Every structure is written in C-alpha cells, then in structure tokens.
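Descriptive structure summary
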Amino acid sequence: MVRPANMGFVDADRVLHDRIVASTDRIIKMMPAAAKAAAISSIDVPSLVFHLALGIPAVETDNPEAAERITNAIAFKRRMIDAAGGALTAEKVRALLGHKTIQAVYKAVKDRRLLMVEDNGTKLFPVFQFDGNAILPGILKVLAAAPHTTGWAILQFLVSGDEGLDGMSPIELLKGSDAEIERVVRFARTLED
C-alpha cells in the first residue's frame, strides 16, 4: 500500500541514510589529514568504515557542555597534528627508522629521543620530527630541555610558537641552523616553569 506523504509516513531508510551522511560529514571534518588520506585510499567498504571509525571522537557524557568541551579538545588536537604535517603510527615509525621492534620506538619515546602524543588511546608520532629515515637532531634537544612536559604541550609549543620567536615557526627553526635550533630550545626550557 502506498501512503501519501502528508499522512505522516516516515521513510526510515531515508532518515537513516540522511543521518549517516550528516554524521559522516562531521567525522570527516574532524579527521586528521592522514586519516582522511587512508579513508580515501580504502579499497573496500570494511577498510573505509575502519578508517572513518578512527575519526570518531569517544565522547560519552550526558552533559552537553562537557561533550562540547571534549569535542573541541579533540578537534584542537587534530588541528595540531595537521599543523605538524600529520602523524605516523608506531609501526610506521619502526619501519621508517629501521628498528627491529615497536618496543624500540617506545624506548626512544621513554628516553626522550622521539616525540609521541596519545589521542584517544592511539599513539601518534608527529611527522615533522623526521628527516628522511632519521629524527631531526633538534627534537632531542627540545625534549631534553623540557623533560617533564607532556608530548601535547611540546607539540602545541612547536606548532603555535612563542612571541619571542618573532612569528617564526619552531618547527621550521628546528630544520635550520644550530643557532635557530638553540633559539627554540631556550624557549622550550620555559615550558618547565
């Protein structure tokens, strides 16, 4: 039986489709560039769904204000990752640096030789800190200058900079001369204050 549209009939398939499309659009807007690239390059539906799921923030609260704060924090972190050139997984870092095990990558983090941030349980390694198959020497100096500062605080400093750097990007300075690297290190020491 066909029901007229004005009789209150709801096309459940259409409503579900519209909700999925709207939710997917919001997820894609919040995804880091690397996750978007992985989703785009997915060759099958399960792979695509997996990559989209990685972009879904885990916000579980009945308080709309708390959910908004958490969602904003997640979006902020993702903007920092994008500004850092994206991020690699531990496995990709292991392969890039030629380590035999992932544990060697985590040991480099523990020894403050490699910058890692954790996002919703996922360990991420900002791309800017690599120069080919090596770690930029300046990263070691920045991490040593701020031994008690979290990875996110260091990344925020490196992405956002400091007024004392005259608008210069700490990330770009780390790729420069010894004097430029030392300038960034001096400001990194203030993160401990």
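Further up the page is the structure itself.
Described below are features of the structure shown in this document. Being a predicted model, the structure only gives us computed values, none of them experimental. (Residues numbered from 1 in each chain as written. Predicted model: local features only at pLDDT ≥ 70, side-chain atom pairs only at ≥ 80, totals over all residues. Heavy atoms only, no water.)

**Considering the overall build of the protein**
- Summing up its helical and strand segments, the protein has ten helices and five strands in all.
- Contacts in the protein between residues at least 24 apart in sequence constitute 59% of all its contacts with a sequence separation of at least 6. (Helix = DSSP H or I, 4+ residues; strand = E, 2+ residues; numbered from the N terminus. Contact = heavy atoms within 4.5 Å.)

**Considerations on the pattern of salt bridges**
- Tallied over the full model, the rule gives seven salt bridges.
- Residue K107 pairs with D111 through a salt bridge whose shortest N-O separation is 2.7 Å.
- The partly exposed category is assigned to D111, whose relative accessible area is 35%.
- With a closest N to O distance of 3.9 Å, K175 and E172 form a salt bridge.
- Within the structure, one salt-bridge network assembled from shared partners comprises K107, D111 and R113. (Salt bridge = Lys/Arg side-chain N within 4 Å of Asp/Glu carboxyl O. Buried < 20%, exposed > 50% of the residue type's maximum accessible area, 1.4 Å probe, protein only.)

**Looking at unusual backbone geometry**
- Not every positive phi belongs to a glycine, and R112 is a case in point at roughly 60 degrees.
- Its location among the elements puts R112 in the loop between α6 (102–110) and β2 (117–119).

**Some words on helix α5 (residues 90–97)**
- Residues of α5 that are buried: A90, V93 and L97. The arc enclosing the buried residues of α5, seen along the axis, measures out at 60 degrees, which places them on a common side.
- Considering only its buried residues, α5 is in contact with β1 (87–88), α6, β3 (122–126), β4 (130–131) and β5 (134–135). (Arc of directions from axis to C-beta.)

**A word on the environment of L191**
- In this fold, L191 is placed in the segment after α10 (178–189).
- For the pair L191 and I154, spaced 37 residues apart in sequence, the C-alpha to C-alpha distance is 7.8 Å.
- Among all residues touching L191, those that are not within four sequence positions of it are A146, T149, I154 and F157.

**Quick word on the sheet that holds β3**
- In space, the three strands of this open sheet follow the order β1-β3-β2, with antiparallel pairing throughout. With partners counted over all chains shown, the strands left at the sheet margins are β1 and β2, one partner each.
- Two elements, β1 and β3, share two bridges in a ladder whose sense is antiparallel. From the neighbouring strand, L88 faces β3, where its bridge partner is F125.
- Taken strand by strand, helix α8 (residues 151–160) contacts β2 and β3, and its axis lies near 105 degrees from that of β2. (Pairing = 2+ DSSP bridges. Axes fitted to C-alpha atoms, helices over the stretch in contact; angles between N-to-C directions.)

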